[in-house]
Amino acid sequence: MGKVMPLEGNNAVAEAMRQINPDVVAAYPITPSTEIVQTFAKFHANGQVDTNFVAVESEHSAMSACTAAAVAGGRVMNATSSQGLALMWEILFITASLRQPVVLSVANRALSGNINIHCDHSDGMGARDCGWIQLYGENAQEAYDNCIQAIAIAEREDVRLPTMNCFDGFLVSHAYELVEVEEDAAVKDWVGPYKAVRPLLDVKNPYTVGPLDLWDYYFEHKRNQIEAYVAAKEAIIEEGKRFGKVFGREYGLMECVDLEDAELAIVALGSTAGMVKDTVSELREAGKKVGLLKLRSFRPFPDAEIAAALKNCKAVAILDRAASYGAAAGPLYAEVTSALYAHKAEVPCVNMIYGLGGREVQPEQLVDIYKALEDVKSSGQPAQPVRFVGIRE
Amino acid sequence: MAKNLKQLVDSPVRLTGGHRLCPGCGEPIAVRQVLMGTDSPVIVANATGCLEVSTTIFPYTAWNVPWVHIAFENAAAAASGVEAMYESLKKQGKIDADADYKFVAFAGDGGTYDIGFQSLSGAVERGHNFVYVCLNNQAYMNTGVQRSSASPLGMNTTTTPAGKVQAGKTKVQKDLTECLVAHEIPYVAQSIPGRWRDLVGKAEKAFNVDGPAFLNVLTPCPLGWACDPAVTAEISMLAVDTCIWPLYEVEYGEYKVNYTPKEKKPVDEYLKLQGRFRHLFKGEEGAEVRKQIQEYTDRKWEQLLKKAGQA
């Protein structure tokens, strides 16, 4: 049995990393993920891990070294946020294209400018097309659990895709919560040993990684990469079940709260989903047919599953903690509505952009969103597809 | 030097002849000589550039050793990552404790002097045990001869073109070798492909030191230098004889000039063989730039001799 410990989200992730004991961690700390690397550096300094910890000079070199270390043939982990993730951007594509199962914990934070260190999802959303699996956790427990599952998902032979363990900066990264930390041996056993696929350090079988790939092969290689996402979806479900069997907390592509008979639903990512859960139970007590779809896997995007879960709703609010400049709406809205359209689920939806740069979200605002959905339901059409929550007009 | 010429010729071929680099390119010559500097298994990290694109056009490869390319500016970071994994696995007993793998990063001057400078500086400061080789052809040749900070004074490039009011590049090159010396790493040296004994010997030293080593190799580029592909070796030797590119090494801060020409040749002899300096041989402005090049060369050479205690 594990033990329940009061931990900040960052330290919960560092605990998971200690238990996983990766072969290489190359990192350049950045707020609000700094503590992950700092705490891990202590584990390293105290000989609690076998890891070769490389304190590099930038996030760009961090991801470059991590990718190359993974190519060399071992387990590799890292952490970052915001500008750090943005500086890794170029290499994120390459990690994915080379099919290296690097696991990166991301304490989500706003992007500059102007500079802002607090939570929103601009960084994660910006990196959404880099080819990484993206899991979003709600709290410190999920950040810990997702970190462990990310390893198993990323390393499956049919997947072999790098994976981001995303959770909200400060709201989760710096908040103390009671976290059920499993026993070291149990985690080690659940994750299993690393199985290298064509390690570069196998000098007897030399090969060329990252060659020039022109019009005659590049497209097929990209197609293979796209196919890996199909396998990734299955992997997330299967590993989530396997995790549940051993540790009692089961995970899937998403979490549906009171959605079976819900007329009004909210779709959200991250810590906000926790507040929505409370709002749902309050409104349910008052007899309102409300529900929540908390999306866990943003990449791969479970389009059919989302459409099936929302198809009977009368109105849906999609909460975006990021903007997509020049687009019709926020990134999550665009993806959810396109899933609904593709799967012939005609549900009026409204986009609520909220919480940018760490702007607080209050339970009353969530109640207001459900109230607004009443109007959408009765009119049948969203009068204003994009709305802003908690903003000075 | 441990090996004689025959033994070198019989060394395993680590970069095969089936690559697509230009005739007369100095890079493959330098790479083959560097890789002759060790008999241990060697793993190559390569930056984006001529060497990378011309030796690995999928599904072909000209490399007989493990080779990885991540991007343009991170050959040093990539080599750090591979070396870090090697050290980790070795310490954990997952790689034989007696294994003696060597790591080398190859990058052009663009990927070293400019965009890759940070990752190089960071990697050598961290003390990774690898050899970094700058294949220095003094401009971004792969993308069409744009200037880099390794481009010399007066060079005609597509971004410092020789025009009516400007005679090519108006600034001297960055002295990157000295920047690396300032990092106080175990071994720093300059060489050329024209003097194989010098280059192979330096590569051997570089592979054998414990910690980072840096080799700056001047590699003539017939395309960018507009010179005869047949004179690659000779032209690099002229760079040495004019003292434009002195052969020297710095071991733990100790300077040693490896070659002092009996009679220092005027820089014009080197410049006139190359179309990239052709404009300097027309008019007064060109003559003035050539004079500046000569003065700069003399000054740097004297400074070097002083550092080596030879002046």
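Scope of this entry: the structure provided in the associated data block. This one's a predicted model, so the numbers in the text were calculated from it and none came from an experiment. (Residues numbered from 1 in each chain as written. Chains lettered and ligands numbered in written order. Predicted model: local features only at pLDDT ≥ 70, side-chain atom pairs only at ≥ 80, totals over all residues. Heavy atoms only, no water.)

## A closer look at the packing of helix 1 (residues 9–20) of chain A against helix 2 (residues 34–45) of chain A
All names here are of chain A.
Line of reasoning, step 1. Across the interface, helix 1 lies against helix 2 with an axial gap of 8 Å and an inter-helix angle of 40°. Considering the angle they form, helix 1 stands oblique to helix 2. Relative to helix 2, the crossing made by helix 1 is right-handed. Residue-level contacts link Asn10, Asn11, Val13, Ala14, Glu15, Met17 and Arg18 of helix 1 to Glu35, Ile36, Thr39, Phe40 and Phe43 of helix 2.
Line of reasoning, step 2. Counted by class, the contact of helix 1 with helix 2 contains 6 nonpolar, 3 polar and 3 charged residues. (Axes fitted to C-alpha atoms, helices over the stretch in contact; angles between N-to-C directions. Helix = DSSP H or I, 4+ residues; strand = E, 2+ residues; numbered from the N terminus. Parallel < 35°, antiparallel > 145°, perpendicular 65-115°, else oblique. Left-handed = near helix turned anticlockwise from the far one by under 90°. Contact = heavy atoms within 4.5 Å. Nonpolar A, V, L, I, M, F, W, Y, C, P; charged D, E, K, R; others polar.)

## A word on the nonpolar core
One broad trend across soluble globular proteins is that nonpolar side chains are buried collectively.
Line of reasoning, step 1. Formed by 161 residues in total, the largest nonpolar core has its most connected members in A:Leu201, A:Leu310 and B:Phe106.
Line of reasoning, step 2. When sequence neighbours within four positions are dropped, the list of residues in contact with B:Phe106 reads B:Val31, B:Val34, B:Leu35, B:Val44, B:Ala45, B:Asn46, B:Ala47, B:Leu51, B:Trp63, B:Ala75, B:Val133 and B:Leu135.
Line of reasoning, step 3. In terms of nonpolar packing, the next biggest core, distinct from the first, is built from 38 residues, A:Ala16, A:Ala27, A:Ala154 and A:Phe167 among them. (Core = buried A, V, L, I, M, F, W, Y, C linked by side-chain atoms within 4.5 Å. Buried < 20%, exposed > 50% of the residue type's maximum accessible area, 1.4 Å probe, protein only.)

## Let's talk about the interface of chain B and chain A
It is common to give the size of an interface as the accessible area lost on bringing the parts into contact.
Line of reasoning, step 1. On the side of chain A, 40 residues touch chain B, which itself brings 40 residues to the contact.
Line of reasoning, step 2. Regarding the contact of chain B and chain A, the summed buried area is about 3100 Å², with carbon and sulfur atoms giving 67% of it.
Line of reasoning, step 3. Among the residues chain B hides against chain A, the three largest losses belong to B:Phe58, B:Ile70 and B:Met85. Together they make up 22% of the total.
Line of reasoning, step 4. At the junction of chain B and chain A, the tally comes to 2 salt bridges.
Line of reasoning, step 5. At the boundary of chain B and chain A, one finds 15 residue pairs in polar contact (both at pLDDT 80 or more).
Line of reasoning, step 6. Taken together, the elements giving at least two residues each to the side of chain B that touches chain A come down to helix 3 (50–55), strand 2 (67–69), helix 4 (75–91) and helix 6 (117–125) of chain B.
Line of reasoning, step 7. The element best represented in the side of chain B that touches chain A is helix 4 of chain B, accounting for 10 residues. (Buried area = accessible area lost by both parts, 1.4 Å probe. Salt bridge = Lys/Arg side-chain N within 4 Å of Asp/Glu carboxyl O. Polar contact = N/O pair within 3.5 Å; in protein donor to acceptor, adjacent residues only side chain to side chain.)

## Description of the sheet that holds strand 7 (residues 248–251) of chain B
Line of reasoning, step 1. The sheet built from 9 strands is open, its strands ordered 9(A)-2(B)-1(B)-3(B)-4(B)-6(B)-5(B)-7(B)-8(B) with mixed pairing. Each edge of the open sheet is held by one strand with a lone partner, namely strand 9 (208–209) of chain A together with strand 8 (254–257) of chain B.
Line of reasoning, step 2. Across 5 bridges, the pairing between strand 5 (residues 187–191) of chain B and strand 6 (residues 213–218) of chain B is parallel. By the bridge assignment for strand 6 of chain B, B:Val188 is matched with B:Phe214.
Line of reasoning, step 3. Here helix 12 (residues 283–307) of chain B sits on the sheet and contacts strand 7 and strand 8 of chain B; the angle it forms with strand 8 of chain B, its principal contact strand, is near 125°. (Pairing = 2+ DSSP bridges.)

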